[in-house]
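Geometric and topological summary
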Amino acid sequence: MAESGGHSPLEQFVIKPVLATGEIGVLTFTNSALMMVLATGLISAFLILGMRRGALVPGRMQSLAEMSYEFIAGLISDTVGAEGRRYFPIIFTLFMFILFGNLLGMLPYSFTFTSHIIVTFALAALVFIGVTILAIAKHGMHFFSFFVPPGAPIAMWPLLIPIEVISYLSRPISLSVRLFANMLAGHTLLKVIAGFIGVLGVFGVLPLALVVALTGLEILIAFLQAYVFAILTCLYINDALHLH
Amino acid sequence: MKDDQPLPSLEKLDEKLRAAEAKRRKTKAGSEDRGKGLAFAMRIGVEIVSALIVGVAIGYFLDQWLGTKPWFLLLFFVLGAAAGFMNVFRVVGGLGGQVGYGRAKNRDAAGEGQDKDG
């Protein structure tokens, strides 16, 4: 069954143009772009429709919208403190965009744009460059003392400074690889195990049960990864604001 | 009698409310900690690999540029590995972000930290 169908577990990650055929150019509207637009639209609808009433006693949608707002506001005040309030919009946007991207990817026949490294790397590079500019703007040349561990003897500097610089440069890599690898691995695993259901006949119940369990796990990971991305952005902003 | 009645009952109610609040907070903190623990575990896995990638990339391109074939690659591979271990050490040790020792120093200054990192 599986060999005749020719469905590769990686087929779900293929980027193809929507509403048109042929090569993908610079301005081609692809399924990835479609899902991003959909995610943005859904987030806007979720927040605008949720807060439309603005009731003192919130309804279902309004309390969901307020909950997501308060979750990120709490995260920022926990990690950065009061001066982190200014960066609420960017962190909230990143969190909601990644969360909705992950969750939309869980729908059958949809496309997970966070499973592509270029998307996650663009987001991580945005955070990295923004935080670096923030730190330089706030501290000027003092920013470069960031790379010198305090209290280290000068003889150790030639060894420690490259290590610190590599450590700093590895931030966008770890931020993007973490999100992309989790989504890619999870979705591939789901497809591979789902492929066994038809082949095994009656015993296909076992992989079916596994797929149900893994789907739950994937939804948890969708939330966790968005949370991890948001909290690391907060930590980086905190580092940039309070150098040692 | 009529005046006495409301005072103790209000106090009791307050006590009960406080107990309920504390209980709720405790359970809430427990579930939150579990989520945070999972998120924490996800963070450290990638740290070593990403620092190694950066180290190797720097070494490779320096070699390409200066024509010193294996030497910078070897050097920066080791530096990248060291940076990766340092990242993990910092995350696990709760020293804030990845670069710098700010939080650890503040903690020492506050007198809370017991062990300075070596």
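Reading the values: rules and limits
- Residues numbered from 1 in each chain as written.
- Chains lettered and ligands numbered in written order.
- Predicted model: local features only at pLDDT ≥ 70, side-chain atom pairs only at ≥ 80, totals over all residues.
- Heavy atoms only, no water.
- Contact = heavy atoms within 4.5 Å.
- Buried area = accessible area lost by both parts, 1.4 Å probe.
- Salt bridge = Lys/Arg side-chain N within 4 Å of Asp/Glu carboxyl O.
- Polar contact = N/O pair within 3.5 Å; in protein donor to acceptor, adjacent residues only side chain to side chain.
- Helix = DSSP H or I, 4+ residues; strand = E, 2+ residues; numbered from the N terminus.
- Buried < 20%, exposed > 50% of the residue type's maximum accessible area, 1.4 Å probe, protein only.
- pLDDT = per-residue confidence, 0-100.
- Axes fitted to C-alpha atoms, helices over the stretch in contact; angles between N-to-C directions.
- Left-handed = near helix turned anticlockwise from the far one by under 90°.
- Nonpolar A, V, L, I, M, F, W, Y, C, P; charged D, E, K, R; others polar.
- Core = buried A, V, L, I, M, F, W, Y, C linked by side-chain atoms within 4.5 Å.
- Phe/Tyr/Trp six-rings, centres within 6.5 Å; stacked < 30°, edge-to-face > 60°.
- 1 Å grid on protein atoms, 1.4 Å probe; cavity = no way out; pocket = protein on both sides within 12 Å on 5 of 7 lines; lining within 4 Å.
- Points joined across faces, edges and corners; volume = space filled by probe spheres on them.
- Expected span 1.5 Å × (residues − 1).

This part is about the interface of chain B and chain A. Taken together, the contact pairs 30 residues of chain B with 31 residues of chain A. For the pair chain B and chain A, the two sides together bury roughly 2,500 Å², of which 72% comes from carbon and sulfur. Our enumeration of links across chain B and chain A arrives at two salt bridges. With its nearest N and O atoms 3.3 Å apart, the salt bridge here joins A:Arg178 to B:Glu47. Along the contact surface separating chain B from chain A lie four residue pairs in polar contact (both at pLDDT 80 or more).

This paragraph deals with unusual backbone geometry. Where the residue is not glycine, phi is negative for most of them; where a peptide bond is considered, it is trans in most cases. All names here are of chain A. Positive phi is not limited to glycine here, since tyrosine 109 has a value of about 70°. For tyrosine 109, the location among the structural elements is in the loop between helix 4 (88-105) and helix 5 (117-139). The exposure class of tyrosine 109 is exposed, given its relative accessible area of 87%.

Right, let's get into the confidence of the model for chain B. Residue and element names in this part refer to chain B. Across chain B, pLDDT averages 72, with 62% of residues at or above 70. Across chain B, the secondary-structure element scoring lowest on mean pLDDT is helix 3 (residues 102-110), at 46, and the one scoring highest is helix 2 (residues 71-93), at 88. Taken together, the stretch residues 97-105 has pLDDT below 50 and engages in 41 contacts with residues farther than four places along the chain or on a different chain. For residues 107-118, every residue scores under 50 in pLDDT, and the model assigns this stretch eleven contacts once sequence neighbours within four places are set aside. The ipTM for the predicted assembly is 0.75, set against a pTM of 0.80.

Once that is clear, we can look at the pattern of salt bridges. Residue and element names in this part refer to chain B. Considering all chains together, one arrives at four salt bridges over all chains under this definition. The partner of arginine 18 in a salt bridge is aspartate 14, and the shortest N-O contact between them spans 2.9 Å. Residue arginine 18 and its partner aspartate 14 are both found in helix 1 (residues 6-66); the two are separated by four residues, about one turn of the helix. Using a relative accessible area of 58% as the deciding quantity, one classes arginine 18 as exposed.

To continue, consider the side chain of A:Ser170. With respect to the secondary-structure elements, A:Ser170 resides in helix 6 (residues 157-199). For A:Ser170, a relative accessible area of 0% puts it in the buried group. A polar atom in the side chain of A:Ser170 sits 3.2 Å from the side chain of B:Asn87.

Let us look at the packing of helix 2 (residues 31-50) of chain A against helix 3 (residues 60-79) of chain A. How two helices pack is summed up by the angle between their axes together with the distance between the axes. Residue and element names in this part refer to chain A. At a minimum axis distance of 8 Å, the contact between helix 2 and helix 3 shows a crossing angle of 115°. Read as a crossing pair, helix 2 and helix 3 show a hand that is left-handed. On the side of helix 2, the interface is formed by Phe46, Leu47 and Gly50, while helix 3 contributes Met61, Gln62, Leu64, Ala65 and Ser68. Its residues assigned to classes, the contact of helix 2 with helix 3 comprises five nonpolar, three polar and no charged.

Attention now goes to the environment of A:Pro58. Mapped onto the elements of the fold, A:Pro58 is located in the loop between helix 2 and helix 3. If we skip the residues at most four places from it in the chain, A:Pro58 touches A:Ser63 and A:Glu66.

Okay, the nonpolar core next. A:Ile72, A:Ile91, A:Phe95, A:Phe229 and A:Ile237 are the most contacted members of the largest nonpolar core, which totals 57 residues. Among the elements of the structure, helix 2, helix 3, helix 4, helix 5, helix 6 and helix 7 (205-241) of chain A together with helix 1 of chain B are those that each provide at least two residues to this core. With 15 residues, helix 7 of chain A is the single largest residue contributor to this core. Every residue in contact with A:Ile237, bar those within four places of it in the chain, is listed here: A:Val80, A:Tyr87, A:Ile91, A:Val131 and A:Leu134. Ranked by size, the runner-up nonpolar core spans eleven residues in total, among them A:Ile163, A:Val177, B:Ala51 and B:Leu79.

All names here are of chain A. Taken as a whole, this structure holds 14 aromatic pairs over all chains when the rule is applied. Ring centres of phenylalanine 143 and phenylalanine 147 lie 5.7 Å apart, and the angle between their planes is 80°; this geometry places the pair in the edge-to-face category. Overall, phenylalanine 147 belongs to the buried group, its relative accessible area being 10%. Each member of the aromatic cluster is reached from another via a ring pair, and the members are Phe128, Phe143, Phe144, Phe147 and Tyr168.

A separate point is the layout of surface pockets. Residues and elements named next belong to chain A. The space that makes up the largest pocket amounts to roughly 1,100 Å³. Surrounding the largest pocket, 32 residues form its lining, Ser8, Gln12, Pro108, Tyr109 and Lys191 being those nearest its centre. Going through the elements one at a time, helix 1 (2-5), helix 2, helix 6 and helix 7 are the ones with two or more residues in the lining of the largest pocket. For the lining of the largest pocket, the element with the highest residue contribution is helix 6, accounting for seven residues. Looking at the lining of the largest pocket residue by residue, the classes come out as 18 nonpolar, eleven polar and three charged.

Before going further, it helps to spend a moment on helix 3 of chain A. Residues and elements named next belong to chain A. Helix length check: helix 3 (20 residues) gives 29 Å between terminal C-alpha atoms against 28 Å at 1.5 Å per residue, within 8%. Of the residues making up helix 3, those classed as buried are Gln62, Ala65, Ser68, Ile72, Ala73, Leu75, Ile76 and Thr79. Buried residues along helix 3 sit in contact with helix 2, helix 4 and helix 7.

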